[in-house]
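# Survey of secondary and tertiary structure
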Amino acid sequence: EFSVRSEILDFDPYTPGLTIEQIRERYGLANVIKLASNENPLGASPVVQKVMAKNLDRIFRYPENNTPKLVTEISKHIGVPRESILVGNGSDEIIDMLFRMKARPGVSNVIGYEHSFAMYRMCAKLAGVEYREVKRGDPFELPLDKLAKAADENTAMVFVTSPDNPTGQAASVEDLSVLAGVLPKDCLLVVDEAYIDFVWPPESYTPVQAYDKFDNLVVLRTFSKAYGLAGLRVGYGILPPKLLGYLKNARIPFTVNLLAEEAAIAALNDDAFYNETLQVVMSGREYFMEALPKIGCKVYPSQANFVMFEPTKPAQTVFKSLLKKGIIVRPLGSFGLGKMIRVTIGTEAENKQFIKALGEVLGA
Ligand code: PMP
């Protein structure tokens, strides 16, 4: 038998949400709705689909390495220089790259909150470094000062998801700036902004406006949510140029494919689709905040395109009963939140269908 590294032997894999096809097959249902992976309720922009079709005759060519056209578009869009933008195969790839660059096996440690996105912990394990989980307060606020206290001279990175997955809370730009300022010299503050498009008011929540004030700030963003391109795998990091240079030199070439680059450029420029997405998500979020308590659920405030709630029956039971009715949500056991469920905001019709089904399941 072949041997593998000890970290790999008992590796806890990432658990993705169930797919519509799986549930259709399992329960013989024709109509299944998925509110489990924080995808775009409107699908992908029709403009994107046209652009991809137009580029199909180019797919025998390699893409341009490091997606220079997309980098230029992102730079224009967010007002950050090209030298600070690195595109990856999903923001997941940027997270992986950061660990490859910064984590010294057996020496470094990395810090994040308990109940956080699984990739940070997984990458730490793969890299052979300690992952320090900082406890949260109740009700799941993000006590940034506790992160700073957990850091020492071997802390390579501190991860803050803002808005947070799965709780929905967002850290203010002031608090993030303070944290960036007090971390040890060699430690990066990585702010994972996968859900930043959905915050309100936007100016209160991202330190990117002041990216050039920090030399230790990394911001992660994705095209998987507000831009509706989860299946294409495109995300990006905003990083200090020197660090970005190292990542670029050592990266695997061509991980972002040619169609994905064209699609992301089109998505970035389709303001109508983007604005409609925000409108649907924000009104759906308000609806859930009102409707969930009416059927007895405890709901937590959210700045993202999902909400977390505690139902009046065990979360696993509720999850399974909803599946039988053709609705996929995300029970949060794998986040260490066994009583909680996360539901992605869908279209108005999907949201209503979900609340009706949940009411039936809970007998409310
Ligand atoms: N960070 C967080 C907090 C997420 O929830 C997700 C999506 N599950 C990602 C990163 C990964 O996004 P991408 O699709 O760009 O890899």
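Residues numbered from 1 in each chain as written. Predicted model: local features only at pLDDT ≥ 70, side-chain atom pairs only at ≥ 80, totals over all residues.

Condition: UniProt positions are given in the numbering used here, feature names are shortened, and annotations may be inferred rather than shown by experiment.
As recorded in an unreviewed UniProt entry, the protein chain goes by Histidinol-phosphate aminotransferase and comes from Pseudodesulfovibrio piezophilus. A UniProt comment under Cofactor (unreviewed entry) is attached to the protein chain, and it reads "pyridoxal 5'-phosphate". The record in UniProt for the protein chain states the following under Pathway (unreviewed entry): "Amino-acid biosynthesis; L-histidine biosynthesis; L-histidine from 5-phospho-alpha-D-ribose 1-diphosphate: step 7/9."

### Topic: the environment of G359
This is how the line gets drawn: Helix and strand definitions here come from DSSP, where helices need a minimum of 4 consecutive H or I residues and strands a minimum of 2 consecutive E residues; each element is numbered from the N-terminal end. Here a residue counts as buried when 20 or more other C-beta atoms fall within 10 Å of its C-beta, as exposed when 12 or fewer do, and as partly exposed in between; the C-beta atoms come from the backbone. Note on contacts: each residue gets a C-beta atom placed from the backbone, and two residues are in contact if those atoms are within 7 Å.
Locating G359 in the fold gives a position in helix α13 (residues 348-362). Look at G359 and you get partly exposed, because 16 C-beta atoms sit within 10 Å. Taking C-alpha positions, G359 is 40 Å from A266, a pair spaced 93 residues apart along the chain. Not counting chain neighbours up to four residues away, the residues in contact with G359 comprise I295 and A364.

### Looking at the site of the ligand
Our working rule: Only the C-beta atom matters for this test: placed from the backbone, it must lie within 6 Å of a molecule or strand for the residue to be near it. The classification used treats Ala, Val, Leu, Ile, Met, Phe, Trp, Tyr, Cys and Pro as nonpolar, Asp, Glu, Lys and Arg as charged, and all other residues, Gly among them, as polar.
Taken together, G90, S91, D92, F117, T161, N165, D192, A194, T222, S224, A230 and G235 form the complete shell of residues around the ligand. Broken down by class, the residue content of the shell around the ligand amounts to three nonpolar, seven polar and two charged.

### Observations regarding the UniProt feature "modified residue: N6-(pyridoxal phosphate)lysine" (unreviewed entry) in the protein chain
In the numbering used here, UniProt assigns the "modified residue: N6-(pyridoxal phosphate)lysine" (unreviewed entry) feature to K225. The residue K225 is located in the loop between β7 (217-222) and β8 (235-238) in this model. For K225, the residues in contact, after removing those within four places along its chain, are N38, N40, A194, Y195, D197 and N305.

### Concerning the nonpolar core
Across soluble globular proteins, you tend to see nonpolar side chains buried next to one another. For clarity, the cut-off: By our criterion, buried Ala, Val, Leu, Ile, Met, Phe, Trp, Tyr and Cys residues that link up through C-beta atoms within 7 Å make up a nonpolar core. For the domains described, the bounds stem from an automatic or database domain assignment.
Counting residues in each nonpolar core, the largest one holds 103 residues, and the members touching the most others are V158 and V190. Take this core: its biggest share by element is six residues, from helix α10 (residues 258-269). Each of domain 1 (6-44 + 272-362) and domain 2 (56-270) contributes no fewer than three residues to this core. Apart from residues lying up to four places away in sequence, V158 is in contact with I111, L147, A151, L183, C187, L189 and V190.

### Some remarks on the domain arrangement of the protein chain
Often, the extent of an interface is quoted as the loss of accessible area on bringing the components together. According to the domain assignment, the protein chain contains domain 1 (6-44 + 272-362) and domain 2 (56-270). One C-alpha centre belongs to domain 1, the other to domain 2; they are set 24 Å apart. On the domain 2 side, the residues contacting the 31 residues of domain 1 number 28 residues. Looking at the side of domain 1 that touches domain 2, the elements that each hand over two or more residues are α11 (271-294) and β10 (306-310). At seven residues, the largest contribution of residues to the side of domain 1 that touches domain 2 is made by α11. Each residue belonging to the side of domain 1 that touches domain 2 can be placed in one class, and the counts come to 19 nonpolar, nine polar and three charged.

### Observations concerning the packing of helix α4 (residues 68-78) against α10
Quick reminder of the rule: Between N-to-C directions, angles span 0 to 180 degrees; the directions come from axes that are lines fitted to C-alpha atoms, helices contributing only their stretch in contact. When an angle is under 35 degrees it counts as roughly parallel; over 145 it counts as roughly antiparallel; between 65 and 115 it counts as roughly perpendicular; any other value is oblique. Handedness of a helix crossing follows the sense of rotation of the near helix relative to the far helix, less than a right angle counterclockwise being left-handed and clockwise being right-handed.
Taken N-terminus to C-terminus, the directions of α4 and α10 make an angle of 20°; their axes are 9 Å apart at the nearest point. Taken together, the axis directions place α4 and α10 in an arrangement best described as roughly parallel. The element α4 and its partner α10 pack so that their crossing is left-handed. Within the contact between the two elements, α4 uses K69, L70, E73, I74 and H77 and α10 uses E261, A264, I265 and L268. When the residues that make up the contact of α4 with α10 are grouped by side-chain class, the tally is five nonpolar, one polar and three charged.

### Let's talk about the sheet that holds strand β9 (residues 298-299)
Here is the rule we go by: Two strands are counted as paired when DSSP detects at least two bridges linking them.
One open sheet holds the four strands; their spatial order is β9-β10-β13-β12, and the pairing between them is antiparallel. Edge positions in the open sheet fall to β9 and β12 (330-331), since each of these has one partner strand only. Alignment of β9 against β10, held across two bridges, turns out to be antiparallel. Bridge pairing in β10 places V299 opposite F309.

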